[in-house]
Amino acid sequence: MNRPLKPIRSLTTALVLFAGTASAQMPDDKTDHDRMDMPASADMRTSQMFEGVGNVVAIDLENRKIGLDHGPVPALQWPAMKMGFKVLDSVDLSSIEPGDRVQFTLHKVENGPYPIAEICLTRDTEISPGLCAAEPRAGHAAH
């Protein structure tokens, strides 16, 4: 007998599903990520860092992952979509919550998905170049 799927009824279930989906996209080794926990030069920003704006849909603090429903990322030619991202250890997520509007910066890596290297709260729907870089290293003040 085929049963219809039940809607997700709890945040915990949603986070477990998100963590499983996001982990399939994230590399397990940290070698590429460890090299990126340093401030970026201006040249590095233009060639290896890509900014976007979106809404937080889930956060997995234990595994350092965040789910975003983001707008287009023009520098990567990405359309708007929902997806999970690994967040570098140097990024403070303590003030970010599901439902927040954020600007984020992805860092180019040799292989694998691009992790978030900067994130900050915003009210804007458009990317403000360098917004999160202007923040203290934690990168989480509201704008």
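See the structure printed just above.
An account of the accompanying structure is given in this report. Not measured: the values here are computed from a predicted model.

**Regarding the overall build of the protein chain**
Check the secondary structure of the protein chain and you find three helices and five strands. The helix and strand sequence of the protein chain, counted from the amino end, reads α-α-α-β-β-β-β-β. Every one of the 143 residues in the protein chain was classed for burial, and the buried ones make up 40%. Relative to all contacts within the protein chain whose residues are 6 or more apart in sequence, the contacts with residues 24 or more apart total 56%. Entry remark: accessible area of the protein chain is about 8,400 Å², with carbon and sulfur atoms responsible for 54%.

**Details of the side chain of Lys86**
The topology assignment puts Lys86 in strand S3 (residues 81-86). Asp89 provides the closest opposite charge to the buried, salt-bridge-free Lys86, at an N-O distance of 4.9 Å. Here Asn63 takes part through its backbone oxygen, which lies 3.3 Å from a polar atom of the side chain of Lys86.

**Some details on the sheet that holds strand S1 (residues 49-60)**
Spatially, S3-S2-S1-S4-S5 is the arrangement adopted by the five strands of the open sheet, whose pairing is antiparallel. Taken across any chain shown, the strands that pair with only one partner, and hence form the sheet edges, are S3 and strand S5 (116-121). Within this sheet the neighbouring strands show an average axis-to-axis angle of 40 degrees, counted without direction.

**Observations regarding the pattern of salt bridges**
Pairs can form between side chains of opposite charge whenever their charged atoms are close. Evaluated as defined, the whole model comprises one salt bridge. Linking Asp89 and Arg64 is a salt bridge whose minimum nitrogen-to-oxygen distance equals 3.5 Å. One end of the pair, Asp89, is in the loop between S3 and strand S4 (101-107); the other, Arg64, is in the loop between S1 and strand S2 (65-70), and 25 residues separate them in sequence. Asp89 sits in the partly exposed class, given a relative accessible area of 42%.

**A look at the pairing of S5**
As a general feature of sheets, a regular strand has side chains that alternate between the two faces. Within S5, six of the six residues are buried, which leaves it mostly tucked inside the rest of the structure. The pairing of S4 with S5 spans five bridges and is classified as antiparallel. For Thr105, the partnering residue across the bridge sits in S5 and is Glu118.

**What to know about the state of the cysteines**
Summed over all chains, the structure comprises one disulfide. Bridging Cys120 to Cys132, the disulfide has an S-S length of 2.2 Å. When the S-S torsion is -80 degrees, as for the bridge of Cys120 with Cys132, the disulfide is left-handed. Taken together, the residues Cys120 in strand S5 and Cys132 in the segment after S5 connect sequence positions twelve residues apart. Taking the relative accessible area as the measure of exposure, Cys120 reaches 0% and is therefore buried.

What counts as what
Residues numbered from 1 in each chain as written. Predicted model: local features only at pLDDT ≥ 70, side-chain atom pairs only at ≥ 80, totals over all residues. Heavy atoms only, no water. Helix = DSSP H or I, 4+ residues; strand = E, 2+ residues; numbered from the N terminus. Buried < 20%, exposed > 50% of the residue type's maximum accessible area, 1.4 Å probe, protein only. Contact = heavy atoms within 4.5 Å. Areas by Shrake-Rupley, 256 points an atom, 1.4 Å probe, with all protein chains shown as cover. Lys, Arg positive; Asp, Glu negative; His and termini not counted. Salt bridge = Lys/Arg side-chain N within 4 Å of Asp/Glu carboxyl O. Polar contact = N/O pair within 3.5 Å; in protein donor to acceptor, adjacent residues only side chain to side chain. Pairing = 2+ DSSP bridges. Axes fitted to C-alpha atoms, helices over the stretch in contact; angles between N-to-C directions. Disulfide = S-S within 2.5 Å.

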